[in-house]
Amino acid sequence: MNERMSARWKVLSAHHLFWPVVVLVGLIVANVIYRPSFVSIEMRDGHLYGSLIDIVRLSAPLILVGLGMTMVIATGGIDLSVGSVVAISGAIACLYISKQPDQNAVGGVLIAVVLGLLVATVLGIWNGVLVAGIGIQPIIATLILMVAGRGLAQLITKGQIITINSSPYKLIGAGYVLAVPFAILIAAAVTALTWALTRRSALGMLIESVGGNAEASRLAGIRSRRFMLFVYAFSAFCAGIAGFMVTSNVSSADGNNAGLWIELDAILAVVIGGTSLAGGRFSISGTVLGALLIQTLTTTVYAMNISPQTSLLFKALVVIAVCLIQAPKFRAALGRRRRRPPTAAPTTDLTKVGVNA
């Protein structure tokens, strides 16, 4: 029985989502101990309210950016420009809405959203051309847009914060539909679409084959450049939607701070979720779980009044712990240390002490 339970435990703990789930549950338990009402969800004015609802709602932009980052990393690349794309798409949408005589006109808001998504997708295609077409290293190609894109966002806003008062646009990040935050519904829809495209078709397998060995994929007849172009465009598209959420939540566009460092949180979410940075395999559910874990960790830091000077260190320690316990080599090293046999007692060589065997 013990051997069977031990074997089941090994299989369960080896799953790439096991330890992130354990840490997430541990954070929730810690919050409940500190504040028992943490898990309570109530209906107010026809809307769902509660800390758990807020965590999922605030995780929505990171989930979207993380989904795009997952596809890019699955091909063996990286996209450092998503934060700038978030700022650009939000700035374009808010600028267009601010110029309208009626900011509450649904048609004007839809045009603003389409313009923001078009520009974001074009920027993603630009990244794909640099990486797949010209052959620039992904970290360098996307670093160019990371720097230049932030300047472009400030150029669009003219260095000012564009404030709007548009109820239809505010719905994207802070509104409710059927008592549920609309941002959660958008994130769920994009997640479901991404999962269907990558796990119910050959697209996911092809992306993983490109990430595993792009040259071998090319020799096998797979047009790897097209897939690399697609994943960078998709990453920017997701970042564009996240930009609408970020700016609509505060009804303003700040080219300098919108989406700042979200690319780092997205990479962490992808890694925590079990996607290999070397490419070749990815996990959609793992990325969503990683984003929820990061947002829960951020909420925990704020709820427990941890000083800003130590909050980043606290988050870093938790993330490092999650990554370490997920690493197979680290777990194997711990297992060998626990199973180390006791040192045998020294034996006496009888021939050296003059005893005839």
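Residues numbered from 1 in each chain as written. Predicted model: local features only at pLDDT ≥ 70, side-chain atom pairs only at ≥ 80, totals over all residues. Heavy atoms only, no water.

Concerning the overall build of the chain
Okay, so step 1: Counting its regular elements, the chain contains 15 helices and 6 strands.
Okay, so step 2: Along the longest, intermediate and shortest principal axes, the C-alpha atoms of the chain span 110 × 60 × 40 Å.
Okay, so step 3: In the chain, which comprises 357 residues, the proportion classed as buried is 45%.
Okay, so step 4: In the chain, the share of contacts with a sequence separation of at least 24, taken over all contacts with a separation of at least 6, comes to 76%.
Okay, so step 5: Accessible area for the chain stands at about 18,600 Å²; split by element, carbon and sulfur atoms hold 66% of it.
Okay, so step 6: For the chain, the distance from the average position of its 26 positive side-chain charges to the average position of its 12 negative side-chain charges is 9 Å. (Helix = DSSP H or I, 4+ residues; strand = E, 2+ residues; numbered from the N terminus. Buried < 20%, exposed > 50% of the residue type's maximum accessible area, 1.4 Å probe, protein only. Contact = heavy atoms within 4.5 Å. Areas by Shrake-Rupley, 256 points an atom, 1.4 Å probe, with all protein chains shown as cover. Lys, Arg positive; Asp, Glu negative; His and termini not counted. Charge placed at Lys NZ, Arg CZ, Asp CG, Glu CD.)

Quick word on the packing of helix α3 (residues 51–74) against helix α11 (residues 224–250)
Okay, so step 1: The geometry of α3 relative to α11 is characterised by a closest axis approach of 7 Å and an angle of 170° between their N-to-C directions. With respect to α11, the element α3 is oriented roughly antiparallel. Across the interface between the two elements, Arg57, Ala60, Pro61, Leu64, Val65, Leu67, Gly68, Met69, Met71 and Val72 of α3 pack against Val231, Tyr232, Phe234, Ser235, Cys238, Ala239, Ile241, Ala242, Met245, Val246 and Asn249 of α11.
Okay, so step 2: Grouping the amino acids of the contact of α3 with α11 by side-chain chemistry returns 17 nonpolar, 3 polar and 1 charged. (Axes fitted to C-alpha atoms, helices over the stretch in contact; angles between N-to-C directions. Parallel < 35°, antiparallel > 145°, perpendicular 65-115°, else oblique. Nonpolar A, V, L, I, M, F, W, Y, C, P; charged D, E, K, R; others polar.)

Focus on the side chain of Thr198
Okay, so step 1: Take Thr198: it is sitting in helix α8 (residues 182–199).
Okay, so step 2: Judged by its relative accessible area of 3%, Thr198 falls in the buried class.
Okay, so step 3: In terms of polar contacts, Thr198 uses its side chain to reach the backbone carbonyl oxygen of Thr194, at 2.7 Å.
Okay, so step 4: Apart from residues lying up to four places away in sequence, Thr198 is in contact with Met71, Gly204, Met205, Phe282 and Ile284. (Polar contact = N/O pair within 3.5 Å; in protein donor to acceptor, adjacent residues only side chain to side chain.)

Regarding the packing of aromatic side chains
Okay, so step 1: Per the counting criterion, the structure on display carries 4 aromatic pairs.
Okay, so step 2: Each ring, one from Phe18 and one from Trp19, has its centre 4.9 Å from the other, and the planes form 80°; the classification is edge-to-face.
Okay, so step 3: Between Tyr169 and Phe244, the ring centres sit 6.4 Å apart and the planes meet at 70°, which makes this aromatic pair edge-to-face. Highlighted residues: Tyr169 in helix α7 (residues 167–174) and Phe244 in helix α11, separated in sequence by 75 residues.
Okay, so step 4: Taking relative accessible area as the criterion, Tyr169 reaches 1% and is therefore assigned buried.
Okay, so step 5: Over the ring of Tyr49 we find Arg44, and its NZ or CZ is 4.6 Å from the ring centre.
Okay, so step 6: In this structure, Arg199 is placed above the aromatic ring of Phe282, and the distance from its NZ or CZ to the ring centre is 4.1 Å. (Phe/Tyr/Trp six-rings, centres within 6.5 Å; stacked < 30°, edge-to-face > 60°. Lys NZ or Arg CZ within 6 Å of the ring centre and 35° of its normal.)

A closer look at empty space enclosed by the protein
Okay, so step 1: Tallied over the full model, the rule gives 1 cavity of 30 Å³ or more.
Okay, so step 2: Here the largest cavity defines a volume of roughly 40 Å³.
Okay, so step 3: Lining the largest cavity are Met71, Thr194, Leu197, Thr198, Leu203, Phe230 and Phe234.
Okay, so step 4: At the level of elements, α8 and α11 are the ones that each hand at least two residues to the lining of the largest cavity.
Okay, so step 5: Top element by residues in the lining of the largest cavity is α8. It accounts for 3 residues.
Okay, so step 6: Its residues assigned to classes, the lining of the largest cavity shows 5 nonpolar, 2 polar and no charged. (1 Å grid on protein atoms, 1.4 Å probe; cavity = no way out; pocket = protein on both sides within 12 Å on 5 of 7 lines; lining within 4 Å. Points joined across faces, edges and corners; volume = space filled by probe spheres on them.)

Here's the deal with a nonpolar patch on the surface
Okay, so step 1: On the surface, a cluster of nonpolar side chains totalling about 430 Å² of accessible area is made up of Ile139, Ile140, Leu143, Ile144 and Val147.
Okay, so step 2: Among the structural elements, Leu143 can be located in helix α6 (residues 138–157). (Patch = residues over 30% accessible without salt bridge, like charges linked within 9 Å, V, L, I, M, F, W, Y side chains within 5 Å. Salt bridge = Lys/Arg side-chain N within 4 Å of Asp/Glu carboxyl O.)

Some thoughts on the side chain of Thr70
Okay, so step 1: Within the secondary structure, Thr70 is located in helix α3.
Okay, so step 2: Thr70 sits in the buried class, given a relative accessible area of 0%.
Okay, so step 3: Non-local contacts of Thr70, meaning those with residues more than four positions away in its chain, are made with Val270, Thr275, Phe282, Ser283, Ile284 and Thr287.

Some words on the nonpolar core
Okay, so step 1: Within the largest apolar cluster, 81 residues are counted, with the highest numbers of intra-cluster contacts made by Met69, Tyr169 and Met245.
Okay, so step 2: Among the elements that take part in this core, α11 stands out by supplying 12 residues, more than any other.
Okay, so step 3: The contact partners of Met69, leaving out residues within four places of it in the chain, are Ile78, Asp79, Val82, Ser235, Glu263, Ala266, Ile267 and Val270. (Core = buried A, V, L, I, M, F, W, Y, C linked by side-chain atoms within 4.5 Å.)

Overview of the layout of surface pockets
Okay, so step 1: Approximately 1,100 Å³ is the volume attributed to the largest pocket.
Okay, so step 2: If you list the elements that add at least two residues to the lining of the largest pocket, you get α3, α11, α12 (262–272), α13 (284–303) and α14 (308–326).
Okay, so step 3: Classifying every residue of the lining of the largest pocket gives 22 nonpolar, 7 polar and 3 charged.

Quick word on the environment of Leu264
Okay, so step 1: With respect to the helices and strands, the residue Leu264 is situated in helix α12.
Okay, so step 2: By relative accessible area, which is 44% here, Leu264 ends up partly exposed.
Okay, so step 3: Sequence-wise, Leu264 and Asp79 are 185 residues apart; in three dimensions their C-alpha atoms are separated by 9.8 Å.

Quick look at the confidence of the model for the chain
Okay, so step 1: When the pLDDT values of the chain are averaged, the result is 87; 91% of them are 70 or greater.
Okay, so step 2: Ranking the helices and strands of the chain by mean pLDDT puts helix α4 (residues 82–98) first, with 97, and helix α15 (residues 328–338) last, with 68.
Okay, so step 3: Across residues 353–357 the pLDDT falls below 50, and counting only partners more than four positions away or on other chains, this stretch makes 2 contacts in the model. (pLDDT = per-residue confidence, 0-100.)

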